[in-house]
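What follows is each chain in one-letter form.
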Amino acid sequence: MKLRNLLLPLLAIFLILACSESTDDGGSTSDDFDRKALLENAADNIIIPALTQLVEDLEDLQLAQQDFTATPNTTTLASLRTHWLDAYMTWQYIEMFNIGKAEEILYAFQMNIYPTNVTDINNNIASGTYDLSIPNNNDAVGFPALDYLLFGVGQDETAILTAYTTATDAQNRKQYLADLIDRMLELSNVVLDDWNGSYRDQFVNSTGNTATSSVNLLINDFIFYYEKGLRANKIGIPAGVFSTTPLPDRVEAYYSGELSKQLSLAALHASEAFFNGRAFNGMGSGPSYASYATYLRNNNGSEDLTAAINNQLGVARSQMNQLDDNFSEQISTSNQMMTRTYDELQRAVVLLKVDLLQTLNISVDYVDADGD
Amino acid sequence: MKLTQLKTYSALLMGAILLASCSEDEGSSVNNLVEAPATYTFERDNNSTVNFSGQTTRIAMAEELNSALKNPNLDEATLDAMFAHEEGNQDFSVGSLNDSDKNLRSKTAASADYFSANSTDAAAIKADFDGFIAGQANEVFPAWGNTASPGTPGQLQQAGGGTIRYISAKGLEYDQAYAKSLLGALMMDQILNNYLSPTVLDEADNRMENGQKVVAEGKNYTVMEHKWDEAYGYLYGAEATPANPSLGQDSFLSKYLERVKADADFAGIDTDIFDAFKLGRAAIVANDYELRDAQAEIIREKISMIPAIRAVYYLEDAKDDLNTDPARAFHALSEAYGFIYSLQFTRQPGTNSPYFSKAEVDAFLSTLMENNGFWDLTPATLEAMSSQIASRYSFTVAEAAN
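Residues numbered from 1 in each chain as written. Chains lettered and ligands numbered in written order. Predicted model: local features only at pLDDT ≥ 70, side-chain atom pairs only at ≥ 80, totals over all residues.

A.B. asks: Help me understand the nonpolar core in this model?
C.D. replies: Nonpolar side chains tend toward joint burial in soluble globular proteins. Residue and element names in this part refer to chain B. Formed by 115 residues in total, the largest nonpolar core has its most connected members in Ile191, Leu253, Ala311, Leu333 and Ala336. No other element matches the 14 residues that helix α13 (residues 289–319) contributes to this core. Those residues in contact with alanine 311, other than ones at most four positions away along the chain, are Ala336, Phe339, Ile340, Leu343 and Ile389. (Core = buried A, V, L, I, M, F, W, Y, C linked by C-beta atoms within 7 Å. Buried ≥ 20, exposed ≤ 12 C-beta atoms within 10 Å, placed from the backbone. Helix = DSSP H or I, 4+ residues; strand = E, 2+ residues; numbered from the N terminus. Contact = placed C-beta atoms within 7 Å.)

A.B. asks: In this structure, what is going on with helix α8 (residues 170–204) of chain A? I would like to understand it.
C.D. replies: For an α-helix, the turn length of 3.6 residues means that residues three or four places apart are oriented alike. Its 35 residues give α8 of chain A an end-to-end C-alpha distance of 48 Å, which sits within 8% of 51 Å, the value for a rise of 1.5 Å per residue. Within α8 of chain A, the axis deviates most sharply at serine 198 of chain A, by approximately 70 degrees. (Expected span 1.5 Å × (residues − 1). Bend = angle between axes of the 7 residues up to and from the residue.)

A.B. asks: Mind showing me how you'd approach the pairing of strand β4 (residues 164–167) of chain B here?
C.D. replies: In regular strands, side chains alternate between the two faces of the sheet. All names here are of chain B. Of the pairings in the sheet, the one linking strand β3 (residues 154–157) to β4 comprises four bridges and is antiparallel in character. Of the residues in β4, the one forming a bridge with leucine 156 is arginine 165. Between β3 and β4, which pair antiparallel one after the other, the connecting turn spans six residues, and glycine 160 there sits at a positive phi close to 75 degrees. (Pairing = 2+ DSSP bridges.)

A.B. asks: I'm lost on the domain arrangement of chain A in this one. Help?
C.D. replies: Accessible area lost upon the coming together of the parts is a frequently used measure of interface size. Residue and element names in this part refer to chain A. On domain assignment, one finds that chain A holds domain 1 (31–205) and domain 2 (208–364). Between domain 1 and domain 2, the C-alpha centre-to-centre distance is 23 Å. If you look at the interface, domain 1 gives 30 residues, while domain 2 gives 31 residues. At 10 residues, the largest contribution of residues to the side of domain 1 that touches domain 2 is made by helix α2 (residues 35–70). Taken together, the residues of the side of domain 1 that touches domain 2 break down into 20 nonpolar, five polar and five charged. (Domains from an automatic or database assignment. Nonpolar A, V, L, I, M, F, W, Y, C, P; charged D, E, K, R; others polar.)

A.B. asks: Explanation requested: helix α11 (residues 253–262) of chain B in the structure shown.
C.D. replies: By the burial criterion, the buried members of α11 of chain B are Leu253, Ser254, Tyr256, Leu257 and Val260 of chain B. Among the structural elements, α7 (174–195), α10 (223–236), α12 (269–285) and α13 of chain B are those in contact with the buried residues of α11 of chain B.

A.B. asks: Honestly, the confidence of the model for chain B in this entry has me stumped. Any pointers?
C.D. replies: A low pLDDT means the predicted coordinates there should not be read in detail. Residues and elements named next belong to chain B. Taken as a whole, chain B shows an average pLDDT of 92; of its residues, 92% reach a score of 70 or greater. Note on residues 1–31: pLDDT is under 50 here. Beyond four places in sequence and across chains, it has 18 contacts. Of the two predicted TM-score estimates for the complex, the pTM is 0.83 and the ipTM is 0.75. (pLDDT = per-residue confidence, 0-100.)

A.B. asks: Could you clarify how one ought to interpret the environment of proline 37 of chain B in this entry?
C.D. replies: Residues and elements named next belong to chain B. Here proline 37 shows up in the loop between α1 (2–22) and β1 (43–44). Placed 88 residues apart in sequence, proline 37 and isoleucine 125 show a C-alpha to C-alpha distance of 38 Å. Apart from residues lying up to four places away in sequence, proline 37 is in contact with Lys278 and Ala282.

A.B. asks: Looking at this structure, how should I read unusual backbone geometry?
C.D. replies: Negative phi is the rule for most residues except glycine; trans is the rule for most peptide bonds. Here the residue pair tyrosine 114 of chain A and proline 115 of chain A is connected by a cis peptide bond, since its omega of 5 degrees sits within 30 degrees of zero. Within the secondary structure layout, proline 115 of chain A lies in the loop between α4 (101–104) and α5 (118–127). The phi angle at alanine 253 of chain A is positive, at roughly 55 degrees, despite the residue not being glycine. For alanine 253 of chain A, the position within the fold is in the loop between α9 (214–236) and α10 (260–275). Positive phi is not limited to glycine here, since asparagine 287 of chain B has a value of about 60 degrees.

What follows is the structure, given as structure tokens:
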């Protein structure tokens, strides 16, 4: 009787102890990989330099906007568009880092929600009174709203310039343009200042294995971005993977037309670079999730997961390279090319979300909203 | 030095504990520990943990569309809306279906194992279904009263004052193609390649939560229990008492499992499937995932036989009527068409592959549809096809044909 009483809980403990390898239960990490160095590399060589670059790009964009609003003509418009694209390209290196202040202020929701809502934009312009920070305006601000304002408000360049010169609401439109860029710069500075302030140290010292540690959050943010921001938003949704018919007007940078591929390639490049710990400035690389996985698997004598992921990302890139510069155009001519790109991107999701996270012994902190 | 020794020692100890407490996963003795209930009844705190309302809903939607495809007064848009229903739209006769956020199209060719990284084929398959619906609405409905002939859609009556069949220019009944293909592309694909797959059952923290019996938010079941039940629902979801199914309760898997088990050559297949569902679910309750996956393999093998047996059955059935009673032959061939279509969603146990690939299925179908389609077929072609199908399974053409 007594023995049984003792044995059962003991057995239970053994079971929990011995079989818990597939679970994730705490802050302790069982390997000697330098997780802090990984976080330092991410913060100091990738995130902060990219954000610094973005703030510079947005400052240049603001100057170009000031020139344009002072003298709207083909030259100032061209310069404005160029600086918008520069900043938009840099943004592709930032969107995945929805962590710290960026997460707190819903940074990405205010920078790159598309399709942009033309009705909301025009209502804001018409009324001249708006609060760009409210969620209702998430799809009326940021890079996609600028895409519409710089490329979509008229059939051609002449008509676009008219919207900023002789149109009755030209003054309000110029103001809206200025306010959008102002807001993007302000938000970016808030995020960058936090990194340059106290957050950087807090971030790099959060090396445990818990749901809220930096090591766990960062990789989850990365994979979530890869799956949602890159795979779904840029390719899957416009290709109709999640809908009854393809939705060619859902591509990124829809109004400028020829840029969707360029932006997607940048996003894929940013993903590969982050995974491998390559510095934003292109000068070398440091400890990364790739090197962490290699470290753990070599200890176990497992096959090279890092190579498998990089190889698959490479396959996805080759497939994406074959697409038309203009994804809407590609969807109309041969949507199969789009879905094939989606499929290659998806094959890396499995490697990242299952194999990589299992190797790292990190839990996924989000699930597909695919209720049934 | 001492620390290292301690480490080594504790590693050894841990190893011993691991072996001791996890060995149940290895041996077959475990079968004695987990016992399946007599019916598919599972409870927690005296409340049922079984729920598959989403599957019951989709089967009901599929039934309504199946009937609608026989109503020539409907148009393509109406039928499309039933296939790709959106919440709140009045597409069905039943309010609960209209209120539902479920639809058929989004789960067609949509399993995690076969299609999550194959949206290209998924899109082509969905388009096939759109094609069946469009063909029925735009080719067959307008020709409803005409007599069909090679190259011309219309109606054709079976000999002896029999049933009137409404066929395409190639002899195909699109409604049959729809129903029998959906049986594979939706029900079978979701069961075998989605809900019974470790990809889905073990997603995210499912194992840990099931191990600790952490229930889904606001529910009485763990996520893993629910996934297994959703597989169950695609076969038994239309039953009046699903815990103790009687089969033949829908026009899809339930109906054709009943037909297959009625053939003495396959007697007991229904019990094998039901028992495996029960034991697998009990294994989840007992945290025995090896036993669970073994039951999944049994279900995969047995359910994969259904479309193959029925395809052979109908091909053989059609063979003798091709010249004497084309309406009867074309009806059988239309059934066969759909069952062959469904072969690409089967699952060979122990693999990540169907018994017939999409390319092989497409080749069969294009043989059936060549030139004037069914009108041009010969018994030899059908015979060759049924042997080819049977040869990949453990049954013979003769066993399936009677």
